Amino acid sequence: MSANQSPAGKQPTATYESAFLKACRREAVPHTPVWFMRQAGRSLPEYRKVREGIPMLESCMRPELVTEITLQPVRRHGVDAAIFFSDIVVPLKAIGIDLDIKPGIGPVVESPIRSRADLARLRDLTPEDVSYVTEAFGLLTRELGGTPLIGFAGAPFTLASYLVEGGPSRNHEHTKALMYGDPQLWADLLDRLADITAAFLKVQIEAGASAVQLFDSWVGALAPADYRGSVLPASRKVFEAVAGYGVPRIHFGVGTGELLGLMGEAGADVVGVDWRVPLDEAARRVGPGKALQGNLDPAVLFSSREAVETKTREILDAAAGLEGHVFNLGHGVLPSTDPDALTRLVEYVHTETAR
């Protein structure tokens, strides 16, 4: 049983009663909870110090380092949830895919997957493959106490895009060529990735994750009809695989305004919204029964304090009628963001929404 569940006949845990998990469950909250994607990252000088000279993937495999980096924004900003420090390609590396995260570029795959024979390289993920993840979660849940810890994974489409393209892509031409040109191979690829992703999330939940987020960073490149036919089944499979744990499931993508309703259909309890769609309109597109997460433009944080507060107030006003709202940015914290601006933003949201 996960730490955020309330077992029958027992007192709810501190995490279960947290503002973050209450908002995810669309319950009344003492204040709107706040966390930031990429909150444990390059914007923090203490992060740069502990990561100095250590490659990204190696950083993700050192439990003590992962623990320290995950805790840094909780200490500094007072956010309502921590997010596990890792990367979406970690499970692919763990099953033997030859890839690396290159500075200034991102994940680069040595031999892209583009044929049926290549599918054999995607074996099942076992807990033993990522024992360092389990160890880090154990360290973190002891340190965090009542602060929820969010686990995460890359969604099948986004992982497939990296694997097929061989790295980040602006146009996803190889990905779309495979999706349109060999739909059966594409479906088999995403189904295999759904199994790997689900296994990775299960490891995190069983180790103590209070919620999980599925990042579909690149899926905004698709039209709704393509999402429904070629992506939705695999994402739904991931969410269904972890439904029995009872932890909130968050789904987030970038540039997905036209896909919000479909992303909700995939099975998430919380739908993340980027800054391009106001939250009240996003709620209309997603439909009832879901909480929303978002959605301040990360670039706003480079403006004046007054401008940040004005834009934040607009978001809080748009969220006033929502069933549940978790405040976040519309994407990750930008590397050159002033950390103090994030701290002030957390304080502002907490103060303005105190009930």
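For the structure, check the block above.
The rules behind these values
Residues numbered from 1 in each chain as written. Predicted model: local features only at pLDDT ≥ 70, side-chain atom pairs only at ≥ 80, totals over all residues. Heavy atoms only, no water. Pairing = 2+ DSSP bridges. Helix = DSSP H or I, 4+ residues; strand = E, 2+ residues; numbered from the N terminus. Salt bridge = Lys/Arg side-chain N within 4 Å of Asp/Glu carboxyl O. Buried < 20%, exposed > 50% of the residue type's maximum accessible area, 1.4 Å probe, protein only. 1 Å grid on protein atoms, 1.4 Å probe; cavity = no way out; pocket = protein on both sides within 12 Å on 5 of 7 lines; lining within 4 Å. Points joined across faces, edges and corners; volume = space filled by probe spheres on them. Nonpolar A, V, L, I, M, F, W, Y, C, P; charged D, E, K, R; others polar. Arc of directions from axis to C-beta. Contact = heavy atoms within 4.5 Å.

A.B. asks: Quick question: what am I supposed to make of the pairing of strand E3 (residues 106-109) here?
C.D. replies: As paired elements, strand E2 (residues 99-102) and E3 share four bridges and run antiparallel to each other. By the bridge assignment for E3, Leu 99 is matched with Val 109. Counting the residues between successive antiparallel strands, the hairpin from E2 to E3 contains three residues, one of them, Gly 104, with a positive phi of roughly 80°.

A.B. asks: Quick question: what am I supposed to make of the sheet that holds strand E6 (residues 249-253) here?
C.D. replies: If you walk across this open sheet you meet the seven strands as E1-E4-E5-E6-E7-E8-E9, and the pairing is parallel. In the strand order of this sheet, the two ends are held by strand E1 (82-83) and strand E9 (325-326), each with one partner. Sheet topology places E6 next to strand E7 (residues 270-272); two bridges connect them, and they run parallel. Among the inter-strand pairings, Ile 250 is bridged to a residue of E7, identified as Val 270.

A.B. asks: Help me out: how do you make sense of the pattern of salt bridges in this one?
C.D. replies: Where charged atoms from two side chains of opposite charge approach closely, those side chains can pair. By the definition in use, this model includes 21 salt bridges. Salt-bridge contacts for Arg 76 lead to Glu 46; the nearest nitrogen and oxygen are separated by 2.9 Å. With Arg 76 in helix H4 (residues 63-77) and Glu 46 in helix H2 (residues 45-51), this pair connects stretches of sequence that are 30 residues apart. For Glu 46, a relative accessible area of 23% translates into the label partly exposed. Beyond isolated ion pairs, a larger network of salt bridges with shared partners links Glu 46, Arg 76 and Asp 340.

A.B. asks: What is the right way to read the layout of surface pockets from this model?
C.D. replies: Once rolled over the atoms, a probe with the size of a water molecule shows which space is left empty. Its boundaries defined by the atoms lining it, the largest pocket holds a volume of some 1,400 Å³. In terms of lining, the largest pocket is formed by 43 residues, of which the most central are Arg 38, Arg 42, Met 56, Asp 87 and Ile 101. Every element with two or more residues in the lining of the largest pocket is listed here: H2, E2 and E3. Considered as a void within the structure, the second largest pocket measures approximately 240 Å³ in volume. In this structure, the second largest pocket is lined by 16 residues; those nearest its centre are Thr 32, Ala 319, Ala 320, His 325 and Arg 355. Taken together, the residues that form the lining of the second largest pocket break down as seven nonpolar, four polar and five charged.

A.B. asks: Just checking my understanding: could you explain helix H13 (residues 279-286) for this structure?
C.D. replies: At 3.6 residues per turn, the α-helix brings residues three or four places apart onto the same side. Every buried residue belonging to H13 is among Leu 279, Ala 282 and Val 286, and all of these are buried. Projected down its long axis, H13 shows its buried positions confined to an angular sector of 55°, all on one face. Tucked into the core, H13 has its buried residues touching helix H12 (260-265), E7, strand E8 (291-293), helix H14 (305-318) and E9. Positive phi shows up at Gly 287, right after H13, with a value of about 90°.

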